[in-house]
Amino acid sequence: MKAVLISTLVLLSAWGARPASAMEARGRIGLVEFSGKRYVRLEDWAAANNFGVHWLQRDESLELTNHFARLVFMKDSRDAVVNGIHVWLSHPIVLQNGAGYISELDLNTAVRPVLSPPKNWKGSPVRRIVIDPGHGGKDPGNEDGAHQEKKYTLLLAQELCDQLNRAGFKASLTRTTDTLIDLPIRPDIARRRLADMFISLHWNSVQTGKSQVKGIETYCLTPAGASSSNSGGEIGDARTKPGNRNNDKNMFLAYELHKSLLQNLGTEDRGVRRARFMGVLHGHHHPAILIEGGFLSNRAESGKIEAGDFRQHRSEE
Ligand SMILES: [Zn+2]
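For the structure given in this document, a descriptive report is provided here. (Residues numbered from 1 in each chain as written. Predicted model: local features only at pLDDT ≥ 70, side-chain atom pairs only at ≥ 80, totals over all residues. Heavy atoms only, no water.)

1. Looking at the overall build of the protein chain
Selection criterion: The helix and strand labels rest on DSSP assignments: H or I over at least four residues marks a helix, E over at least two residues marks a strand, and numbering proceeds from the N terminus. Relative accessibility under 20% of the residue-type maximum defines a buried residue, over 50% an exposed one, and the middle range a partly exposed one, all with a 1.4 Å probe and only protein chains included. Contacts are assigned to residue pairs that have any heavy atoms within 4.5 Å of one another. Here the accessible surface of atoms and residues is derived via Shrake-Rupley with a 1.4 Å probe, and residues count as covered only by protein chains that are part of the display.
Per the secondary structure count, the protein chain includes 7 helices and 17 strands. Looking at the protein chain as a whole, 55% of its 317 residues are labelled buried. Within the protein chain, counting contacts between residues at least 6 apart in sequence, those at least 24 apart form 69% of the total. If you sum the accessible surface of the protein chain, you get close to 13900 Å²; carbon and sulfur atoms cover 49% of it.

So, in structure tokens, the structure goes:
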């Protein structure tokens, strides 16, 4: 995983190195309300942004395409597909009577940051990256027999940190030994080090369906007022967190790293998701994401995590 992360971070280090896609809205797009939320008619947004609209199945699934992108939306679903990658929305898509609607919040915080990447000020590239190995000390994280999550998050973080420093970044870890760093302290560590970016590394687990459930989930902070899409799925908290000032960059970073990991590791796409994980997502004043890199509870994936296949890149061995 480390080489995949590094190559993507190098690509992202100038934020928005890709050319801006056709996302400039032309003309006025009207708003409608569903369940008290502001929604935009997808056909209007598509016309303003040079997308074609096609029903894959009338009132069930809708596809928007242009030369740059393909978006697929499903009725009543928060699971959207953006250029082949699953992105969990804050509010469900509405498809009815031959028309489609997406929440204004999702256009601004999920679709736009991916299709029209945010940019840093000129001359202020990403340099300092704080990597957070999840758990530690008396908190083992997820466990699979004798194998504890905290051990493998630290191994991955150490390898990634070394590689990033060799690639010219200033990378550091929130912990370098088997100790517990209190969650609220982790953003403070990153802030003191003037971090440009914070990446928390974890390995996942389930109690039921162990042989079926596998793949990668990448998290960024839930927008204010929206429901999260982690397994707890906590519902709307209207308060704006410090991390919400970077909603655009959080999503762009999460999406690009998630896509790169999927393409290189060939594992299952469980989506770019939202959470308000304390200490690792919402208290940050710089872009922050959390990667669940695979399931310790799945025998095939835990074997790769323990053997290093999911932590190291074949070409580097
Ligand atoms: Zn964890």
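2. Digging into the coordination of the zinc ion
Geometry sets the ideal angles at a metal, namely 109.5 degrees for four tetrahedral donors and 90 or 180 degrees for six octahedral donors. Stated precisely, the cut-off is as follows: Only N, O and S atoms count as donors, using a 2.8 Å limit from the metal and a wider 3.2 Å limit for Na, K and Ca, and since water is excluded some coordination spheres may look unfilled.
Looking at the metal site, the zinc ion is ligated by His 135 (NE2), Glu 149 (OE) and His 202 (ND1), spaced 2.0 to 2.2 Å from it. Read N to C, the donor residues that coordinate the zinc ion are spaced as H-x13-E-x52-H. Remark: His 202 occurs in strand β14 (residues 197-204) and His 135 occurs in the loop between β10 (128-133) and β11 (143-144); sequence separation between them is 67 residues. What makes His 202 buried here is its relative accessible area of 10%.

3. Looking at the environment of Gly 271
Tracing the backbone shows Gly 271 in strand β16 (residues 269-275). Beyond its immediate stretch of four places on either side in the chain, Gly 271 contacts His 86, Trp 88, Ile 216, Glu 217, Thr 218 and His 258.

4. Digging into the pattern of salt bridges
Two side chains carrying opposite charge are able to pair once their charged atoms lie near each other. We count it as follows: Just to be clear on terms, a salt bridge is a Lys or Arg side-chain nitrogen sitting within 4 Å of an Asp or Glu carboxyl oxygen.
Summed over the entire model, instances satisfying the criterion amount to 10 salt bridges. With its nearest N and O atoms 2.7 Å apart, the salt bridge here joins Arg 38 to Glu 104. Placement of Arg 38 in strand β2 (residues 37-41) and of Glu 104 in helix α3 (residues 104-115) is noted, with a sequence separation of 66 residues between them. Between Asp 132 and Arg 186 there is a salt bridge, with the nearest N and O atoms lying 2.8 Å from each other. Of this pair, Asp 132 sits in strand β10 while Arg 186 sits in helix α5 (residues 185-192); the two residues are 54 residues apart in sequence, bridging distant segments of the chain. Here the salt bridges share partners, and the residues they tie into one network are Glu 217, Arg 270 and Arg 273.

5. Quick look at the packing of aromatic side chains
In this description, a pair of aromatic rings is defined by centroid distance and the angle of the planes. Stated precisely, the cut-off is as follows: Under the pairing criterion, centres of Phe, Tyr and Trp rings, with the six-membered ring standing for Trp, must be within 6.5 Å; the plane angle then separates stacked pairs below 30 degrees from edge-to-face pairs above 60, leaving the rest tilted.
Under the criterion given, the structure shown has 4 aromatic pairs. Taking 5.2 Å as the distance between ring centres and 85° as the angle between the ring planes, the aromatic pair formed by Phe 34 and Tyr 39 counts as edge-to-face. Within the aromatic cluster, the residues linked to one another by ring pairs are Phe 34, Tyr 39 and Tyr 101.

6. Section: the sheet that holds strand β9 (residues 99-103)
Quick reminder of the rule: Note on pairing: DSSP must find at least two bridges between two strands before they are called paired. Geometry is summarised by axes, namely lines fitted to C-alpha atoms with helices restricted to the contacting stretch, and by angles between N-to-C directions that run from 0 to 180 degrees.
Spatially, the 4 strands line up as an open sheet ordered β1-β2-β9-β8, and their pairing is antiparallel. On the outer flanks of this sheet lie β1 (31-34) and β8 (94-96), each paired with one strand and no other. On average, adjacent strands in this sheet sit at an angle of 35° to one another, irrespective of strand direction. The sheet contact formed by β2 and β9 spans 3 bridges and is antiparallel. When the bridges of β9 are listed, Tyr 39 appears paired with Ser 103.

7. Details of the side chain of Asn 66
Test applied: Polar contact is defined as a pair of N or O atoms within 3.5 Å, subject to the rule that within protein one atom must be able to donate a hydrogen and the other to accept it, and that residues adjacent in sequence are counted only when both atoms are side-chain atoms.
Examined against the element boundaries, Asn 66 turns out to sit in the loop between β4 (61-65) and β5 (70-74). At 2.7 Å, the side chain of Asn 66 forms a polar contact with the backbone nitrogen of Phe 68. Here Ala 69 takes part through its backbone nitrogen, which lies 2.8 Å from a polar atom of the side chain of Asn 66. If we skip the residues at most four places from it in the chain, Asn 66 touches Asn 49, Asn 50 and Phe 51.

8. A few points about the pairing of strand β15 (residues 216-221)
Each regular strand shows side chains that alternate between the opposite faces of the sheet. Within β15, 6 of the 6 residues are buried, leaving the element largely enclosed by the surrounding structure. Pairing analysis gives 5 bridges linking β15 to β16, with the strands arranged parallel. Note that in β16 the partner of Ile 216 across the bridge is Asp 269. Pairing of β15 with strand β17 (residues 288-295), which is carried by 3 bridges, proceeds in the antiparallel orientation. Bridging across to β17, Tyr 219 finds its partner in Leu 290.

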